[in-house]
Amino acid sequence: MTDPESLHRSILTVDTHIDIPWPDRGDFAQDTSYRHVDLPKLRRGGVAAACLVAYVGQGPTDAPSHAAIGRQALEMLEAIGRAGQAAGARLCPLADEIEAAFRAGATAIVPAVENGYAMGEDLSLLAQFRARGARYMTLTHNGHNALADSARPMAALGDGETRHGGLSGLGREAIAEMNRLGLMVDVSHAARSTMMQAVRLSRSPVLATHSCARALCDHPRNLDDEQLDALRDCDGVVHVTAVDAFLRPRAVRQARAVGVADFVDHIDHIVRRIGVRHVGISSDFDGGGMIAGWRDAAESPALTAELLRRGYDAAQIAAIWGGNFLRVLRAAEAVAQIGTGAGTGAGTGHEAGTEYRPGTVAGTGA
C-alpha cells in the first residue's frame, strides 16, 4: 500500500494561490504563529512551489486611485521577489525553473497579481508585472473594475449588476497583452460573462486559480458545469480552494466544520465532469482559506492522503497537485515564445507566438 507521506514528498506540489500579508513584515523565512504560510511551513508540508500573490482590493476607478494601487502592486511583487531570495527558496517564474528547484530541494516561489485593478487603465504595467516575475493576473476581485465585471458587484462602490457586459474593450486588450507576455489569465472572481468571454478570447489556456464547483455549493464565486466545460475545451485548469464558504452551503457550515473530505468532493466532481487533466489545488491561505485538516501549509499532506483513500493513483495525484498547472504555464510560455529565443523571459521585447492547441505542449497532466 502506498504511503501517503512518501508519495506527497515525491511529487512536485504547487499551491496556486496564497496571499501575502501587507504591509510586508519581512518574516517569510520565519516560523510564525500568525501566518498560515511561511517558508518553514511550506517545507514541513512538502509544498514544492507556492504562488504568492500581490492582492489589491477593489477601490475607485479614477486616475489617482489607479496610480496609487499600481505602485502598491509593484511594491508587493518586489516583496515577493525578496521572499524568493530566502535561504532554501528560489524565485521561479518559469516552469523549467520550478522543476529545477524541486530537484534541488529548494522551495519555488511563483509571483502573481490578484485583481486587474492593479493595472488600472495602463497596459504598460502588465510588462512591469512580468518583469518582476508575475505569471498570472486575476482579472477582477470583488467589484467591477476597468477591465471586466466581477462575480460579486460591490454596492458600496456604486456597482450595478454589470458594468461592461463581461470584458471591457480595455479588458480585451489586456488579455491580448497578457498572452503576448506569458502572463496567464486567471478567471477566479470574474463574472460568468467575463469568464466565458475570456476563455474564447485568450490564445493560451485560461485557469481559475482559486474557485470551486457550483454544482456542490451555489456561490457566485464558484464555476458552474458549463464553465467547467469551457475550461476543459481551452485546456485550462480550475484549482479547488480551501475557503469553506465556497465548499459547502451555509446550512452545512453551521452544522459542522468543513474539512479535507469536502475539499476533495469538489475535486471528484470536476474530475467526473471534465477529467483529471483540468483540476488542481490552491489554499487561499492568508486570504481567507482554512479548513479542518488543512489549516496551514504544514498540513498539506492531508490532501494527498485523502486523494489516495479515494482511489486516485500516483500519476493522477501528481497531475492534480502540480502537473496540470505546469502544463498550462508551459502553454503560456509557448504562446509568448518565452525561452525559445524569441523572447526575453522578463516580460518585454518578445513577439507573440502561435495560437496554442491542446496537446501540442508537453506536460505532466493526465
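Residues numbered from 1 in each chain as written. Predicted model: local features only at pLDDT ≥ 70, side-chain atom pairs only at ≥ 80, totals over all residues. Heavy atoms only, no water.

Asks: I'd like to hear about the overall build of the protein chain, residue by residue, with values.
Replies: Helix and strand content of the protein chain: 13 helices and 9 strands. In terms of C-alpha radius of gyration, the protein chain reaches 19 Å, essentially the compact-globule figure of 21 Å for 366 residues. When the backbone C-alpha atoms are referred to their principal axes, the protein chain occupies close to 55 × 50 × 45 Å. Counting over 366 residues, the protein chain shows a buried share of 60%. Contacts spanning at least 24 positions in sequence make up 70% of the contacts within the protein chain whose residues lie at least 6 apart. Between the centroid of the 36 positive side chains of the protein chain and the centroid of its 43 negative side chains there is a distance of 2 Å. (Helix = DSSP H or I, 4+ residues; strand = E, 2+ residues; numbered from the N terminus. Rg over C-alpha atoms; globule rule 2.2 N^0.38 Å. Buried < 20%, exposed > 50% of the residue type's maximum accessible area, 1.4 Å probe, protein only. Contact = heavy atoms within 4.5 Å. Lys, Arg positive; Asp, Glu negative; His and termini not counted. Charge placed at Lys NZ, Arg CZ, Asp CG, Glu CD.)

Asks: Describe the pairing of strand β8 (residues 237-241), and please don't skip the residues or the numbers.
Replies: The buried count for β8 comes to 5 of 5 residues, which makes it a mostly enclosed element. Judged by which residues are buried, β8 turns out to be covered on both faces: V237, H239 and T241 on one side and V238 and V240 on the other are all buried. Note: strand β7 (residues 207-208) against β8, 2 bridges, orientation parallel. From the neighbouring strand, A208 faces β8, where its bridge partner is V238. As defined by bridge partners, β8 adjoins strand β9 (residues 279-282) across 4 bridges and the pair is classed as parallel. Within β9, the residue paired with V238 across the bridge is V279. (Pairing = 2+ DSSP bridges.)

Asks: Give a detailed account of the environment of Q128, specifying residues and quantitative values.
Replies: Within the element layout of this structure, Q128 appears in helix α5 (residues 124-131). The partly exposed category is assigned to Q128, whose relative accessible area is 30%. Along the backbone, Q128 and L77 are 51 residues apart, and their C-alpha atoms lie at a distance of 9.9 Å.

Asks: Provide a residue-level description of α5, including the pertinent values.
Replies: Residues spaced three or four apart along an α-helix point in a common direction, a consequence of the helix completing one turn every 3.6 residues. Taken residue by residue, α5 has L125, L126, A127, F129 and R130 as its buried positions. In this fold, the buried residues of α5 make contact with α3 (63-83), β4 (107-114), β5 (136-138) and α6 (169-181). Just past α5, the residue G133 takes up positive phi, approximately 100°.

Asks: How would you summarise the packing of α6 against helix α7 (residues 192-201) if you had to cite specific residues and measurements?
Replies: With their axes 11 Å apart at the nearest point, α6 and α7 run at an angle of 45° to one another. Considering their axes alone, α6 and α7 lie oblique with respect to each other. Both α6 and α7 take part in a crossing whose hand is right-handed. Contacts between α6 and α7 involve R172, I175 and N179 on the former and, on the latter, Q197, A198 and L201. (Axes fitted to C-alpha atoms, helices over the stretch in contact; angles between N-to-C directions. Parallel < 35°, antiparallel > 145°, perpendicular 65-115°, else oblique. Left-handed = near helix turned anticlockwise from the far one by under 90°.)

Asks: Please give an account of the pattern of salt bridges that cites residues and values.
Replies: Applying the stated criterion across every chain, the model contains 27 salt bridges. Its salt-bridge partner being R327, residue D235 comes within 3.2 Å of it at the nearest N-O pair. Separated by 92 residues along the polypeptide, D235 in the loop between α8 (225-233) and β8 and R327 in helix α13 (residues 314-336) bring together distant segments of the chain. Side by side, D235 and R327 carry an identical accessibility label, which is buried. Within the structure, one salt-bridge network assembled from shared partners comprises R248, R256, D262, D265, D268, E306, R309 and R310. (Salt bridge = Lys/Arg side-chain N within 4 Å of Asp/Glu carboxyl O.)

Asks: Provide a residue-level description of the environment of A50, including the pertinent values.
Replies: Tracing the sequence through the fold places A50 in strand β2 (residues 49-55). On the basis of relative accessibility, which here comes to 0%, the residue A50 falls in the buried class. Separated by 13 residues in the primary sequence, A50 and V37 have C-alpha atoms spaced 9.2 Å apart. Every residue in contact with A50, bar those within four places of it in the chain, is listed here: D15, I18, L42, A108, I109 and V110.

Asks: How would you explain the packing of aromatic side chains if you had to name every residue and give the values?
Replies: Summed over the entire model, instances satisfying the criterion amount to 3 aromatic pairs. Residues F263 and W294 carry aromatic rings whose centres are separated by 5.5 Å and whose planes lie at 85° to one another, so their mutual orientation is edge-to-face. In this pair, F263 sits in helix α11 (residues 260-274) while W294 sits in the loop between β9 and α12 (301-309), placing the two residues 31 residues apart along the sequence. Take F263 and W294: they sit in the same class, and that class is buried. Relative to W321, the ring of W294 has its centre 6.4 Å away and its plane inclined at 85°; by these criteria the two rings are edge-to-face. In this pair, W294 sits in the loop between β9 and α12 while W321 sits in helix α13, placing the two residues 27 residues apart along the sequence. The ring of Y34 has R25 sitting right over it, with the charged end atom 4.7 Å from the ring centre. (Phe/Tyr/Trp six-rings, centres within 6.5 Å; stacked < 30°, edge-to-face > 60°. Lys NZ or Arg CZ within 6 Å of the ring centre and 35° of its normal.)

Shape descriptors only; they carry no functional weight alone.
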